[in-house]
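# Architecture and fold: a report
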Amino acid sequence: MSEESKETRHMLAAIDERNAEQFLLCAETMHYADLAEIYESLTEEERDFFTSNIDMEQFAEVLADLPDTLIEETIERLEPAEQREILDQISDDDRVDILQDVSDDARERLLELVEPDDIEVTKSLLKYDESTAGGRMTTHFASIHGEMTVQQALESLRKESEETESFARVYVIDAKDKLCGYVRFRDLAFNLPETIISDFMRPVKRFILASADQEEAAQMVSKYDLFVLPVVNEQHRLLGIITHDDVVEILEEESTEDMEKMAGFSGEGSEETYLNTPTMIHFRRRFPWLFGLAILAIASGIVMIKFEDVLNSLFILSLFLPMVVAAGGNTGGQASTMVIRAMALGELDQDSIIRVAWKELRLGLMLGALLGTGMAIITITFVPMFYHDMPAEIGFTKFAIAVAVALAIQITSSTLVGSLLPLGARAAKIDPAVIAAPAITTIVDVSGMVIYFFVAKAILGL
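Because the structure is a prediction, the values reported are computed rather than measured. (Residues numbered from 1 in each chain as written. Predicted model: local features only at pLDDT ≥ 70, side-chain atom pairs only at ≥ 80, totals over all residues. Heavy atoms only, no water.)

## Looking at the environment of Arg169
By the secondary structure assignment, Arg169 is in the loop between helix 12 (150-159) and strand 2 (170-173). The sequence separation of Arg169 and Phe287 amounts to 118 residues, and the corresponding C-alpha distance is 48 Å. When neighbours within four sequence positions are excluded, Arg169 is seen to be in contact with Ala142, Tyr182, Val183, Arg184, Phe227 and Val228. (Helix = DSSP H or I, 4+ residues; strand = E, 2+ residues; numbered from the N terminus. Contact = heavy atoms within 4.5 Å.)

This is the structure we're talking about:
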């Protein structure tokens, strides 16, 4: 058993026994993320014990790491003085995240508890949506002026050292707080005290507008291997920074959201763990898509009815129908996954639609031709071994050609549809992940049946 799991076990035992002394001893040695995970798994009474005994300075970090669905009920367990202490202890971005996760009434009450020194920054950050760069940035960054000497810069930074989030990059601003450049902390250490900052500062090549989407910020940090990303407004005034830990959270949130939407989940995702998320929330998020897709799938039955005479005249067609339909779903799903991934990484934009269509069309034709040929060989070789009622005017060769052509068309069309639907969804301001796997599979299932029966009817003369 790992040391961390032992700490967790001891903490849970202390809570179960309501042993406040042992609880505090365990809490002192544990990381706030582990404490947040423990808190999430507790009962109501155990949470009361937890909040009544933990140090508020430490609990500030725990609260910032809790799932958004637990924020309001947790902070309401505290006295106003404790709420004030927590709001004073946490960073600007975490404070704003908490205020964005509570109801409007609770937000108004909590804003009254924010210290005067922090209220202006807090209200300015609340103007930005939580999914934007401005909503994720912290205002505790290191900044100096270009006309300062190295010695003056170090003295200025020393005064702000307790609150500054990161010294990886020290940004140079002018009198109007406009971003002029940056220096590394080691640049300050290795230059002479009387050296002017503007003499050796570096240009800032990467920055992002506060109104930009948080995913764009995460992509920039990942792509360009940045320590921190400066956030500016339209006047190029430096507002804050996005740090690597913010990027990790953003990427986790975005990937989880995309995975859930690709699996056919509706509504906003919960930050709570799978086991701690109520069953009814799982039900509400899964049912709408399942019901909608079930209604859409009725179209498959309508196609079967329309082509009932074709199927009755040559029932062996039913053997290959599931294969043709499934092949379309598989290839369409592959194409959509690749395109959505490329879009998420910023590799594609709306101008790429023709190039994507041409690329996937060629790929679909290659896959369809190869798989169709392979299936034709299998049909001619193995089907005669167990099926002996093939009409003489059709024959196994002609039948194999019909199956191969239908499969090739289905794969080609499904690949094209799977690649273009995400791009079309984004053009229509819809999250591309929404129309992914379940929707595409259902669509190409219906189209596959239509293609299969039309090709069979045309080639076999049914």
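## Things to note about a negative patch on the surface
Negative charge collects at one region of the surface, where Glu28, Asp55, Glu57, Glu61, Glu85, Asp88, Asp117, Glu160, Glu162 and Glu163 lie side by side. Elements that contribute at least two residues to the negative patch include exactly helix 5 (56-64) and helix 7 (80-89). With respect to the secondary-structure elements, Glu163 resides in the loop between helix 12 and strand 2. (Patch = residues over 30% accessible without salt bridge, like charges linked within 9 Å, V, L, I, M, F, W, Y side chains within 5 Å. Areas by Shrake-Rupley, 256 points an atom, 1.4 Å probe, with all protein chains shown as cover. Salt bridge = Lys/Arg side-chain N within 4 Å of Asp/Glu carboxyl O. Lys, Arg positive; Asp, Glu negative; His and termini not counted. Charge placed at Lys NZ, Arg CZ, Asp CG, Glu CD.)

## A short note on the UniProt feature "domain: CBS" (unreviewed entry) in the protein
Summarizing the sequence annotation, UniProt attributes the feature "domain: CBS" (unreviewed entry) to residues 137-200 and 201-257 in the numbering used throughout. As annotated, residues 137-200 has a helix share of 25% and a strand share of 19%, and its two end C-alpha atoms lie 27 Å apart. (UniProt positions renumbered as here; feature names shortened; annotations may be inferred.)

## Structural notes on the environment of Glu73
Here Glu73 lies in helix 6 (residues 68-75). Given a relative accessible area of 31%, Glu73 falls into the partly exposed group. As a C-alpha pair, Glu73 and Val102 span 29 residues in sequence and 8.8 Å in three-dimensional space. With sequence-adjacent residues up to four places away left out, Glu73 is seen in contact with Tyr39, Glu44 and Arg47. (Buried < 20%, exposed > 50% of the residue type's maximum accessible area, 1.4 Å probe, protein only.)

## Structural notes on the nonpolar core
Formed by 35 residues in total, the largest nonpolar core has its most connected members in Met11, Ile15, Phe23, Phe50, Ile54 and Phe59. A per-element tally of this core places helix 5 first, with five residues. With residues near it in sequence (within four places) discarded, Phe50 still touches Ile15, Phe23, Leu35, Tyr39, Leu42 and Phe59. Ile316, Val324, Ala327 and Ala406 belong to the second largest nonpolar core, which has 31 residues in total. (Core = buried A, V, L, I, M, F, W, Y, C linked by side-chain atoms within 4.5 Å.)

## Details of the pattern of salt bridges
By the definition in use, this model includes 14 salt bridges. In this structure, Arg47 engages Glu44 in a salt bridge whose closest nitrogen and oxygen atoms are separated by 3.8 Å. Within this pair, Arg47 and its partner Glu44 are both found in helix 4 (residues 44-53), separated by three residues, close to a single helical turn. Arg47 gets classed as buried once you look at its relative accessible area, which sits at 6%. Owing to a relative accessible area of 45%, Glu44 belongs among the partly exposed residues under this scheme. Residue Arg109 pairs with Glu76 through a salt bridge whose shortest N-O separation is 2.9 Å. Here Arg109, found in helix 9 (residues 104-111), pairs with Glu76, found in the loop between helix 6 and helix 7; they are 33 residues apart in sequence, far enough to count as distant. Here Arg109 falls in the partly exposed class, since its relative accessible area comes to 40%. Here the salt bridges do not stand alone but share partners, grouping Glu44, Arg47, Asp48, Glu73 and Arg77 into one network.

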